[in-house]
Amino acid sequence: MSESAAVRLRQAVRRIHDATYERTATGRGLEDADDVAGTFATDGALGFDPFPFLRALYEAGSHAVVIGQVAGIMHGSVELTGDLDLLWDGTSEQAHALRDALTIVGCTDLPDLDRPQVAYQVASVSGDLCTPALSWGAMDVAPCLARAVRVHDPAGFTIRYAALDDLIHMRRSLGRPKDHRRADELARLRP
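The present account deals with the structure reproduced in this document. (Residues numbered from 1 in each chain as written. Predicted model: local features only at pLDDT ≥ 70, side-chain atom pairs only at ≥ 80, totals over all residues. Heavy atoms only, no water.)

## Description of the overall build of the protein
- A count of helices and strands for the protein gives seven helices and six strands.
- Seen in sequence order, the protein has helices and strands lined up from the N terminus as α-α-β-α-β-α-β-β-α-β-β-α-α.
- Taking the principal axes of the C-alpha coordinates as reference, the protein spans close to 40 × 35 × 30 Å.
- Put simply, the protein has 191 residues, and 49% of those count as buried. (Helix = DSSP H or I, 4+ residues; strand = E, 2+ residues; numbered from the N terminus. Buried < 20%, exposed > 50% of the residue type's maximum accessible area, 1.4 Å probe, protein only.)

## Quick notes on the pairing of strand β3 (residues 117-122)
- Only one face of β3 is covered, namely the one carrying Val118, Tyr120 and Val122; the face carrying Gln117, Ala119 and Gln121 has none of its residues buried.
- Direction of pairing for β3 relative to strand β4 (residues 125-130): antiparallel, over a ladder of six bridges. When the bridges of β4 are listed, Ala119 appears paired with Asp128.
- Where β3 hands over to β4, the hairpin turn is made up of two residues, counted between the paired strands. (Pairing = 2+ DSSP bridges.)

## A word on helix α1 (residues 4-20)
- Over its 17 residues, α1 extends 24 Å from the first C-alpha to the last, a length consistent with the 24 Å expected when each residue adds 1.5 Å.
- Restricting attention to buried positions, one finds in α1 the residues Ala5, Ala6, Leu9, Ala12, Val13, Ile16 and Thr20. For α1, the angular spread of buried residues about the axis comes to 115°, placing them on one side.
- Along its buried surface, α1 packs onto α2 (51-60), α3 (68-75), β5 (149-153) and β6 (157-161). (Expected span 1.5 Å × (residues − 1). Arc of directions from axis to C-beta. Contact = heavy atoms within 4.5 Å.)

What follows is the structure, encoded as structure tokens:
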């Protein structure tokens, strides 16, 4: 895979920074995101930089897969975001790797990884850590882990992110207005 997906994400992070540079914090957290605008309209977009955590995941040996709008951006979506959501397999080995990655980036309040979905927060990014045990409607997301796309970031690490068709299916399964809109956009990006 070319480096273009990582480059697209780096460009989007710059656009997020430019668009939020003068925005003041409102106290709206990721849990306050609405189903239309998404997390870009929350304080999560302020200082958003997923790269330290993505590098830490690689260094810790995590096989977590980027999902949500960050994966959409990596496929070419132009909509911006304020969170980094990840899908992981829920095993104890991968829980250990996730804890190591979170520790590398300075997380002092490690989330309970025994749950199918848990929020996390580190210095420059926050989001949800999800496992296939989470209800995804009629979709079985476990195979998405094996089908993940790998891209080498120019800074020297690999990022795993959801394959385009899997991401479209995830979006449609969630069914919120922003998910349908983003699924339609992603469908137009198919080669």
